[in-house]
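# Overview (structure and organization)
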Amino acid sequence: MSATKLARGGAAAAALTLCSGLLILASTSANAAPGCSVDYRVNQWDTGFTANVTLNNLGDAISGGWTLEWDFPGNQKITNGWSATFAQSGQHVSAKNPSWSPTLPTGASATIGFNASYSGANATPPSFKLNGTTCSGGPTTTTSTSTSTSTSTSTSTTTTTTTTTTTPGQPGEHLANPYVGAKGYLNPDYVANVNSLADATGGALGTSMRKVAQNSTAVWMDRIGAITAGRGLTGHLDEALRQSSGGTPVVIQVVVYDLPNRDCAALASNGELKVGENGLARYKAEYIDPIAAILADPKYRDLRIVGIIEPDSLPNLVTNLSKPKCAEANSSGAYVQGIQYALNKLSAIPNVYNYVDIGHSGWLGWDSNMGPSVQLIANTIKGTTKGVNSVDGFVSNMANTSPTDEPNLPDPNLNVGSQQLRSATFYQWNPYFDEADFGTEMRNRFISAGFPSGIGMLIDTSRNGWGGPNRPTGASGSTVDAYVNSGRIDRKLHRGNWCNQAGSGIGERPTAAPRAGFDAYVWIKPPGESDGIATKTDGPNEEGKQHDPMCDPAFRGDEQANGRNLTGAMAGAPHAGSWFPAGFTSLVQNAYPAL
Ligand code: BGC
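A quick note: this is a predicted structure, and the numbers were derived from the prediction, not measured.

### Thoughts on the pattern of salt bridges
Per the stated rule, a full pass over the model turns up 18 salt bridges. Close ionic contact of D222 with K545 constitutes a salt bridge, the shortest N to O distance being 3.7 Å. Here K545 lies in the loop between β23 (518-522) and α12 (559-562) and D222 lies in the loop between β14 (219-221) and α3 (232-243), a separation of 323 residues in the sequence. K545 carries the same exposure label as D222, and that label is buried. Here D531 ties to R463 by a salt bridge, and the two come within 2.9 Å at their closest N and O atoms. Taken together, the residues D531 in the loop between β23 and α12 and R463 in the loop between β21 (456-460) and α11 (480-487) connect sequence positions 68 residues apart. Residue classification places R463 among the buried residues on the basis of a relative accessible area of 5%. Overlapping salt bridges bring together D222, R223, E543 and K545 as one network.

This is how it looks when you write it as structure tokens:
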């Protein structure tokens, strides 16, 4: 048996068990006909396993709570579970509905899960009971058998393969890649900003602007207030439900971005919570808990919700511990524990898919950064309840402008004038020139570190297009610097520049499964929203944001940040996250592919 729809974390088809039986409706009384089927999926290793159990109610609606029971055939022992309250006595297990979800309408399903230990065999429980009645139906599972015959001159062999499939996108099912077969959520507030600027601009440029609004952008929960203010998280999810009313599932990306000491190496996106002011406890109770409670509302379970976890945070603990706020975020454990808490809460919701930030090629590409980054990020995730299975993958280039590909410089080891391209001033020996190569290598390293081979990468392509008239079409020159500078599409003055980059353009449109190992190109940073205010301020604004010199076009002076180059930032930009029409216009003019 092999299954075509592996739950995320499925290491190998052989490790997956799918149990189903024939549909028989049993009835215990005249007015309440119970009936149920159970889909029991296991992802196991030598001594333990994670199970995802989907309970389908085929009988009358249940309103007063439900309990699913089974007996393990071996010595399986549950260590922790989610989306139900588990109790085990010997081999007997009961899983009771979560308090927020006592109902199970006819035809509805609930997905619960647990981690467990075992030794010897890990056989599937032979039967399950729902509210005391044995489940004997299995309508979500189909079995297909194909037969192929191969003949040689003297022998004839017949091979029979049996394939078990489940219908993709069942409510509560956790898919291998949530982007496939879904349409992206269009944030009406962002669409309104774009379209009103397009109206005011008019002409061909206005038409190009309008095309941007047809692409999905992420919703940023960038402060506690964002959960409820304006449209709020509930409003976005309700709107996403409305957008899915035609039948195509909607994927909505929610950026989780409020750790204490946020943006610890810079000032532009400093946040409201501080480690020294009880920030971690507030992050958990006032920020993550309410977000998780909203996302877990059963009415949203058909949405595919992508959690984008804490931009820049763990990478800052690798490269910026010389900055006091990063050192404090590290020594207090606030970043690591905050992320673990967020992952524990969000990974307990079956239709949430978590992607953790991994910086970008121009930041973590050096081996001396990449190795420790993988170690820190991997260990952080392994410290969660579901371990490596609490994430679905990783996201690079968030709010940055590193290109997806450097088409004119495909080989960092190419010799020009007896020097490798990677030794050029622009690359400073960093062998990763683009996000495709960087993401591929990071993915391989995470898999080597114990993550499932199915993990998927995302690249934020919202502003890494580098089109327009200055885009080079080839490379030439007899020195590495001449060659690299003539050929690179990344026109930044220094790879460390990050704020409102002049000349950058909108990149590849959001795309599902664009290349091997990548779940999607995504637009996490909504194009046209500022990275930080260009001019000096008298202190933080009400959200904690401040002026960072890297957003000042005239600043030239940080050896570590940008080698004392100019910042390349656009003039006139407002605070981070605010709508910046001139920035948007420039991104549209420099889009690649053109809009
Ligand atoms: C800001 C956030 C904003 C996000 C998206 C970040 O730089 O700090 O407040 O929501 O960008 O624009």
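### A short note on helix α13 (residues 581-589)
Those residues of α13 not exposed but buried are G583, F584, T585, S586, L587 and V588. On its buried side, α13 packs onto α1 (188-201) and α2 (203-212).

### Describing the state of the cysteines
Tallied over the full model, the rule gives two disulfides. Disulfide partner of C264: C326, at an S-S distance of 2.0 Å. When the S-S torsion is 95°, as for the bridge of C264 with C326, the disulfide is right-handed. Here C264 is found in the loop between β15 (250-256) and α4 (279-295), whereas its partner C326 is found in helix α6 (residues 324-331), with 62 residues between them in sequence.

### Regarding the packing of aromatic side chains
Under the defined criterion, the tally for this structure stands at 12 aromatic pairs. Considering the side-chain rings of W70 and F128, the 5.4 Å spacing of their centres and the 55° angle between planes classify their relative orientation as tilted. Of this pair, W70 sits in strand β4 (residues 67-71) while F128 is found in strand β9 (residues 128-130), placing the two residues 58 residues apart along the sequence. Residue W70 shares its accessibility class with F128, and that shared class is buried. With centroids separated by 3.6 Å and ring planes inclined at 5°, the aromatic side chains of Y427 and F433 adopt a geometry described as stacked. An identical accessibility class is assigned to Y427 and F433; each is buried. Among the aromatic residues, those joined into a ring-pair cluster are W70, F72 and F128. Cation over ring: R262 sits above Y257, and NZ or CZ is 4.2 Å from the ring centre. A cation over a ring is seen here: R471 above Y592, with NZ or CZ 3.3 Å from the ring centre.

### Side note on the site of the ligand
The ligand sits among W220, D222, Y257, S269, K525, P526, E529, K545, A576 and G577. The separation between an oxygen atom of the ligand and a polar side-chain atom of E529 is 2.6 Å. For the ligand, an oxygen atom lies 2.5 Å from a polar atom in the side chain of K545. When the free accessible area of the ligand is taken as 310 Å², the share hidden by the protein chains comes to 94%. Of the residues in the shell around the ligand, the class split is four nonpolar, two polar and four charged.

### A closer look at the side chain of N354
With respect to the helices, strands and loops of the structure, N354 is situated in strand β17 (residues 352-357). Of the residues examined, N354 reaches a relative accessible area of 0% and is grouped as buried. With sequence-adjacent residues up to four places away left out, N354 is seen in contact with G307, I309, L343, L346, S347, S390, V391, D392 and G393.

### Some remarks on α4
With 17 residues, α4 should cover 24 Å at 1.5 Å per step; its first-to-last C-alpha distance of 22 Å lies within 8% of that length. The largest bend in α4 is about 35°, located at I288, with the proline P290 one to four residues further on. G279, L280, Y283, Y287, I288, I291, A292, I294 and L295 are the residues of α4 that are buried. Those residues of α4 hidden inside the fold are in contact with β14, α3, β15, β16 (304-309), α7 (334-347) and β17.

Definitions and limits used
Residues numbered from 1 in each chain as written. Predicted model: local features only at pLDDT ≥ 70, side-chain atom pairs only at ≥ 80, totals over all residues. Heavy atoms only, no water. Salt bridge = Lys/Arg side-chain N within 4 Å of Asp/Glu carboxyl O. Helix = DSSP H or I, 4+ residues; strand = E, 2+ residues; numbered from the N terminus. Buried < 20%, exposed > 50% of the residue type's maximum accessible area, 1.4 Å probe, protein only. Contact = heavy atoms within 4.5 Å. Disulfide = S-S within 2.5 Å. Phe/Tyr/Trp six-rings, centres within 6.5 Å; stacked < 30°, edge-to-face > 60°. Lys NZ or Arg CZ within 6 Å of the ring centre and 35° of its normal. Near = heavy atom within 4 Å. Polar contact = N/O pair within 3.5 Å; in protein donor to acceptor, adjacent residues only side chain to side chain. Areas by Shrake-Rupley, 256 points an atom, 1.4 Å probe, with all protein chains shown as cover. Nonpolar A, V, L, I, M, F, W, Y, C, P; charged D, E, K, R; others polar. Expected span 1.5 Å × (residues − 1). Bend = angle between axes of the 7 residues up to and from the residue.

Remember, this is a structural readout, not a statement about activity or role.
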